[in-house]
Each structure stands twice: as structure tokens, then as C-alpha cells.
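# Survey of secondary and tertiary structure
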Amino acid sequence: MSSDCLFCAMGSGVMDVPKLHDDDLVFAIRDINPRAPTHLLVIPKEHIPGALDITEAHGPVLGRMYAVAAALARSEGFADNGFRLAVNCGDDGGQTVYHLHMHVLAGRRLGPEG
Ligand code: 5GP
Ligand code: ZN
């Protein structure tokens, strides 16, 4: 856990936020500034700053992130219509929170850049 990290604070429970999913490895929340009718974030509890910091040892947590995204797609009702999973990396990638997270975007026809 990083002491000044927003998503670490949420994952550890220091900051109370409504969670759609919460397990030993990951949690999921609604994005505060949704860019699609449904915009969720799937977030590992481990403080991984970004995609550049991923190693093969992160396989289990990455697998859980995708599995949770798929489960949410079904439970939230957008699996059949389709959706986008995206990880922004660095300034040009649009990353603003430097704790790895997967965007789950759904509910409208997404353009090439989302
Ligand atoms: P990034 O830009 O790093 O890929 O994604 C960070 C996301 O976190 C943004 O879409 C932003 O709207 C979201 N976000 C930032 N602060 C908060 C917050 O306090 N609560 C929630 N639910 N989402 C947040
Ligand atoms: Zn963190």
C-alpha cells in the first residue's frame, strides 16, 4: 500500500467508497467522471503504479481483473451488447491515477478512441 494513493486508500477501506465487487485481490467501483453510460474501474489491491510495472508474477491478479470485468459485464447487463476494457499508461495514454486500473466502458457504441 502506498500511503498517498487514492486507490490504495479505497482498497484498504481507509476511504469509504461504494464497491460493486471486493475480494482478496481486486475491487471494482463506478468511475466518478463516467465517459460512457456505464464506466467501471477494476482495481488491484496491490499498489502496481502502472502497466510498465507489470511482471509475469502479476498473472493471478491480472487474471482476476479480467474475470471480474467479465462477471460485472454479465451482472450489470452489458455483456451481450459489448464493452471495452482499457488500461491507460503514462501521460500520452491519459493516465491520471498512478495505481493500475482497468476501465470498463459500456452502454453506447464506442468510437475508435473510446
Ligand atoms: P486514468 O485517467 O488514470 O486512466 O483513470 C483514473 C480514473 O479514476 C478516471 O477515470 C477518474 O475519473 C477516476 N477517479 C478519480 N478520482 C476518483 C474518485 O475519487 N472516485 C472514483 N470513483 N473515481 C475516481
Ligand atoms: Zn496505490
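This part is about the site of ligand 1. Taken together, 17 residues surround ligand 1, and among them R30, D31, N88, T96 and H103 come closest. Contact distances for ligand 1 include 2.7 Å between an oxygen atom and a backbone N or O atom of T96. Calculation on ligand 1 without its partners gives an accessible area of 520 Å², and the protein chains cover 85% of this total. Those elements giving two or more residues to the shell around ligand 1 turn out to be α1 (6–12) and β2 (26–30). In terms of residue count, α1 provides more of the shell around ligand 1 than any other element does, three residues in total.

This paragraph deals with the nonpolar core. Soluble globular proteins tend to bury their nonpolar side chains together. Among the nonpolar cores identified, the biggest contains 16 residues, and V26, V42, M65, L72, F78 and V104 are the most heavily contacted of them. Elements that contribute at least two residues to this core include exactly β2, β3 (38–44), α2 (59–75) and β5 (102–106). In terms of residue count, the dominant contributor to this core is α2 (six residues). Counting 10 residues, the second-largest nonpolar core is a separate cluster that includes C8, F27, I29 and V97.

It is worth spelling out the coordination of the zinc ion (ligand 2) at this point. For a metal with four tetrahedral donors the ideal donor-metal-donor angle is 109.5 degrees, whereas six octahedral donors ideally subtend 90 or 180 degrees. Around the zinc ion (ligand 2), the protein contributes the donor atoms C5 (SG), C8 (SG), H47 (ND1) and H99 (ND1), at 2.0 to 2.3 Å from the metal centre. Here the zinc ion (ligand 2) is ringed by four donor atoms whose angles at the metal span 103 to 117 degrees, and the overall shape comes out tetrahedral. Spacing between the donor residues of the zinc ion (ligand 2) along their common chain follows C-x2-C-x38-H-x51-H. Pair noted here: C8 is in helix α1 and H99 is in the loop between α3 (90–93) and β5, with a separation of 91 residues, a long-range link. As far as burial versus exposure is concerned, C8 and H99 are alike and both buried.

A complete count under the given rule lists one aromatic pair for this structure. Considering the side-chain rings of F78 and F83, the 5.6 Å spacing of their centres and the 70 degrees angle between planes classify their relative orientation as edge-to-face. The ring of F27 is capped by K19, whose NZ or CZ atom sits 5.4 Å from the centre of that ring.

Here the focus is the environment of A36. Structurally, A36 is set in the loop between β2 and β3. Distance in space between the C-alpha atoms of A36 and S75 is 17 Å, their sequence separation being 39 residues. Sequence-distant contacts of A36, that is, excluding residues within four places in its chain, are made with L105, A106, R108 and L110.

Turning to the state of the cysteines, a few remarks are in order. Tallying each qualifying case throughout the model produces zero disulfides. Cysteine C89 is unpaired, with the sulfur of C5 as its nearest cysteine sulfur at 15 Å. For C89, a relative accessible area of 32% gives the class partly exposed.

The rules we used
- Residues numbered from 1 in each chain as written.
- Chains lettered and ligands numbered in written order.
- Predicted model: local features only at pLDDT ≥ 70, side-chain atom pairs only at ≥ 80, totals over all residues.
- Heavy atoms only, no water.
- Near = heavy atom within 4 Å.
- Polar contact = N/O pair within 3.5 Å; in protein donor to acceptor, adjacent residues only side chain to side chain.
- Areas by Shrake-Rupley, 256 points an atom, 1.4 Å probe, with all protein chains shown as cover.
- Helix = DSSP H or I, 4+ residues; strand = E, 2+ residues; numbered from the N terminus.
- Core = buried A, V, L, I, M, F, W, Y, C linked by side-chain atoms within 4.5 Å.
- Buried < 20%, exposed > 50% of the residue type's maximum accessible area, 1.4 Å probe, protein only.
- Donors = N, O, S within 2.8 Å, 3.2 Å for Na, K, Ca; no water.
- Tetrahedral: all angles 85-135°; square planar, octahedral: opposite > 155°, others 65-115°.
- Phe/Tyr/Trp six-rings, centres within 6.5 Å; stacked < 30°, edge-to-face > 60°.
- Lys NZ or Arg CZ within 6 Å of the ring centre and 35° of its normal.
- Contact = heavy atoms within 4.5 Å.
- Disulfide = S-S within 2.5 Å.

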